[in-house]
Amino acid sequence: MKHFLFMVLTVFTVQASAQLHTHPIPSTKDIKPNTDYSVSVRSMGTTEWTDLYTYNVQVDMDKVQDASMVQFDMGTPVEVKVICNAGTVQTAEVRPRSKGISPTIQENTLFFRLEQPQYLSVEINGDRKHNLHLFANPLETETYSGEGEGVMNWTGSGSKDVYIRNPQVIYFGPGVHRPKDLPNNLIRIPSNTTVYLAPGAIVKAKLLVDHAENVRIIGRGILDHPLRGIEVTYSRNVLIDGITVINPDHYTVFGGETTGLTVRNLKGFSCKGWSDGIDLMCCSDVLVDNIFLRNSDDCLALYAHRWDYWGDSRNITVQRAVLWADVAHPINIGIHGNDRTEGDTIENYTFRDIDILEHDEDDDPYRGCLAINCGDKNLVRNVLFEDIRVEDFEEGRLFHLSVYFNEKYNRAPGRGIERITFRNISYNGAGAYPSLIKGYNKECQVKDVTFEQVRVNGKLLKNLDNILTNEFVQEITVR
């Protein structure tokens, strides 16, 4: 790495009186705006509106479409105004529906109030492909300027920057940063470093944390069209907080053989093949909290061994998430593992307080909003799905538990799936095929699965009438 400027550091905390923060507006010559909507925000009790920059994001690999995105930070209730420039507003919906937000419509303008930070989709006349994604972030509690001892200030000016080894902070200020002369267009982050992407910072590169520890990637900035967003491999104690990733070629966040990873307040979009949201391979002790992912592949893909990553995967919690799979699965567990020995174990996973806005999978072996596809001698056990709200989706299943051998990805079937709980799950819609629970043979079964307070279109699940099973399934309980 090279081209950095050594400057002085200033750290401060957000003042309690500043409860609405909008982000600097980028130059339209550097970043393409989307003009479908004009969006502004104000604190409740005030009269002055602040305009927001409407970014263009691309969604849905099946037929790539331009959608919109705005964001700001809030600490007290705000009012949002959305002007639809693309035509007449006949209907308007704000999702997830569980948030209970009903906009007021005045001609081509919407108004609604937000009591707290949340990540939303605003949909006019039922259009979910050209919608507005509105990210009301929590206030930052830690910010930096580009000044201070131990800071690399990436000015984006190229040849005039100065390289410094082992910084305490790498700072990206407002504006567009196009790293030059970097292999594979990536920025390697050393141990014991904080990377701060300030509001309004747009970085056109991948951030790589490899064989490192005690790394923090924070702020409200954007990674724009990188090869991958953030890659964390063979590392420990890594925090990712507040970053937005727009249309990477591949994964938004990738973890390989990493322990102690925390991902908070992440927002991301993708529209290409293999452009999953968060993919974790052989990772343990992971917390994913308060995220929004709209992907054209799996939003969350959690595996054991693959490529050069080895070992079990355990102790992963995903909570407070909005997942939108234009293609493939919102949640997919267990396909890849180590078939060369006795196999890997994937265990102690919790998924709670999640809204699923879309699932579109036309390949029958893979269907499932909540999917465990167990192959490669994996054993998947002790998984809890709790307080999950699934809205109507295009094509797929609600539940999919399968021990299988998939010749495309596996060299052996999985060892089994056991001790799986679905609690307080609701689905409202008409796009679902029957759910599936399927073992592979007498030695590779699905067992000890509990459905508790599961509702489909308001009706409580009382039996397995709409769930397909085979003879290699046992101990299924419906409460």
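Above: the structure in question.
Residues numbered from 1 in each chain as written. Predicted model: local features only at pLDDT ≥ 70, side-chain atom pairs only at ≥ 80, totals over all residues. Heavy atoms only, no water.

Asker: Would you mind showing me how to read the overall build of the chain here?
Answerer: If you tally the helices and strands in the chain, you get zero helices and 46 strands. For the chain, whose C-alpha radius of gyration is 23 Å, the value lies close to the compact-globule estimate of 23 Å for 479 residues. Summarising its shape, the C-alpha atoms of the chain cover approximately 65 × 55 × 40 Å along the three principal directions. The buried share of the chain, reckoned over its 479 residues, is 59%. Residue pairs at least 24 apart in sequence account for 71% of intrachain contacts in the chain once pairs closer than 6 positions are excluded. (Helix = DSSP H or I, 4+ residues; strand = E, 2+ residues; numbered from the N terminus. Rg over C-alpha atoms; globule rule 2.2 N^0.38 Å. Buried < 20%, exposed > 50% of the residue type's maximum accessible area, 1.4 Å probe, protein only. Contact = heavy atoms within 4.5 Å.)

Asker: Could you clarify how one ought to interpret empty space enclosed by the protein in this entry?
Answerer: Any space left empty among the atoms is revealed by the rolling of a water-sized probe across them. Under the defined criterion, the tally for this structure stands at two cavities of 30 Å³ or more. Computed from the structure, the largest cavity encloses a volume of approximately 80 Å³. For the largest cavity, the full set of lining residues is T22, H23, P24, I25, D51, L52, Y53, Y55 and Q71. Broken down by class, the residue content of the lining of the largest cavity amounts to five nonpolar, three polar and one charged. (1 Å grid on protein atoms, 1.4 Å probe; cavity = no way out; pocket = protein on both sides within 12 Å on 5 of 7 lines; lining within 4 Å. Points joined across faces, edges and corners; volume = space filled by probe spheres on them. Nonpolar A, V, L, I, M, F, W, Y, C, P; charged D, E, K, R; others polar.)

Asker: Honestly, the sheet that holds strand β11 (residues 109–114) in this entry has me stumped. Any pointers?
Answerer: Two orientations exist for strands paired in a sheet by backbone hydrogen bonds: parallel and antiparallel. If you walk across this open sheet you meet the five strands as β5-β4-β8-β11-β10, and the pairing is antiparallel. Looking at strand neighbours, the two that pair on one side only are β5 (50–52) and β10 (104–106), the edges of this open sheet. Between one strand axis and the next, the sheet turns through 25 degrees on average, direction left out of account. Bridge count for β10 against β11 is three bridges, and the pairing is antiparallel. Residue pairing for β11: Q106 is matched across the bridge by T109. (Pairing = 2+ DSSP bridges. Axes fitted to C-alpha atoms, helices over the stretch in contact; angles between N-to-C directions.)

Asker: Any chance you could explain the nonpolar core here in plain terms?
Answerer: Grouped together as the largest cluster of nonpolar side chains are 79 residues, with contacts concentrated most on I278, L323, I333, F351, L370, F385 and F422. With 23 residues, the next largest nonpolar core counts V39, L52, V80 and V122 among its residues. (Core = buried A, V, L, I, M, F, W, Y, C linked by side-chain atoms within 4.5 Å.)

Asker: Explain the sheet that holds strand β34 (residues 331–333) to me, please; I cannot follow it from the model alone.
Answerer: The parallel open sheet is built from eleven strands, whose spatial order is β18-β21-β24-β27-β30-β32-β34-β36-β39-β42-β45. Looking at which strands have only one partner, the edges of the open sheet turn out to be β18 (186–188) and β45 (467–469). For this sheet, the mean angle separating the axes of adjacent strands, direction not counted, is 15 degrees. Relative to strand β32 (residues 300–303), strand β30 (residues 278–281) runs parallel, the two being bridged by four bridges. Opposite I278, over in β32, you have L300 as the bridge partner.

Asker: Hey, could you run me through the layout of surface pockets in this one?
Answerer: A volume near 460 Å³ is recorded for the largest pocket. Among the residues making up the lining of the largest pocket, the classes are represented as nine nonpolar, five polar and twelve charged.

Asker: Just checking my understanding: could you explain the pattern of salt bridges for this structure?
Answerer: Pairing between side chains of opposite charge can happen when their charged atoms approach one another. Taken as a whole, this structure holds 34 salt bridges when the rule is applied. Ionic pairing is found between E123 and R128, a salt bridge with its closest N-O pair at 3.4 Å. In this structure E123 comes out as buried when scored by relative accessible area, which is 2%. For R128, a relative accessible area of 22% corresponds to the partly exposed category. Members of the salt-bridge network, linked through shared partners, are E93, R95, R97, E123, R128 and E391. (Salt bridge = Lys/Arg side-chain N within 4 Å of Asp/Glu carboxyl O.)

Asker: What am I meant to see in the environment of E93 here?
Answerer: You can see E93 is positioned in strand β9 (residues 92–95). When the C-alpha atoms of E93 and N125 are compared, they prove to be 8.1 Å apart, with 32 residues separating the residues in sequence. With residues near it in sequence (within four places) discarded, E93 still touches S121, V122, E123 and R128. A polar contact of 2.4 Å, which involves the side chain of E93, links it to the side chain of R97. (Polar contact = N/O pair within 3.5 Å; in protein donor to acceptor, adjacent residues only side chain to side chain.)

Asker: In this structure, what is going on with the side chain of S284? I would like to understand it.
Answerer: Turning to its location among the elements, S284 is positioned in strand β31 (residues 284–295). With relative accessibility at 13%, the residue S284 sits in the buried group. Among the polar contacts listed, one links the side chain of S284 to the backbone nitrogen of R314, at a separation of 3.2 Å. For S284, the contacting residues outside a window of four places in its chain are T258, T259, G260, D312, S313, R314 and N315.

Asker: How should the side chain of D276 be read in this particular structure?
Answerer: One can find D276 in the loop between β29 (267–269) and β30. For D276, which is buried and forms no salt bridge, the nearest opposite charge comes from R306, at a distance of 6.7 Å. Residues contacting D276, with those up to four places away along its chain left out, are H250, Y251, T252, N295, D297, D298 and A301. (Lys, Arg positive; Asp, Glu negative; His and termini not counted.)

Asker: Hey, could you run me through the pairing of strand β39 (residues 399–403) in this one?
Answerer: Side-chain direction in a regular strand flips from residue to residue, so the side chains alternate between the two faces of the sheet. Taking burial as the measure, the five residues of β39 include five buried ones, the bulk of the element. The alternating pattern of β39 places F399, L401 and V403 on one face and H400 and S402 on the opposite face, and all of these are buried. The sheet contact formed by β39 and strand β42 (residues 435–438) spans three bridges and is parallel. Residue pairing for β42: L401 is matched across the bridge by I437.

Asker: I keep staring at the pairing of β42 and nothing clicks. Help me out?
Answerer: Relative to β45, β42 is paired through three bridges, and the arrangement is parallel. Note on β45: the bridge partner recorded for I437 is T469.

Asker: Can you help me understand unusual backbone geometry in this one?
Answerer: Most of the time, phi is negative for any residue but glycine, and the peptide bond is trans. With omega at 5 degrees, the peptide bond leading from R95 into P96 counts as cis. Here N214, not a glycine, exhibits a phi torsion of approximately 55 degrees, which is positive. Mapped onto the elements of the fold, N214 is located in strand β22 (residues 213–219).

Asker: Looking at this structure, I do not really get the environment of D289. What am I missing?
Answerer: Within the fold, D289 resides in strand β31. Separated by 28 residues in the primary sequence, D289 and T317 place their C-alpha atoms 8.1 Å from one another. Residues in contact with D289, not counting those within four places in the same chain, are V263, R264, N265, Q319 and R320. A polar contact of 3.5 Å, which involves the side chain of D289, links it to the side chain of Q319. At 2.9 Å, the side chain of D289 forms a polar contact with the side chain of R320.

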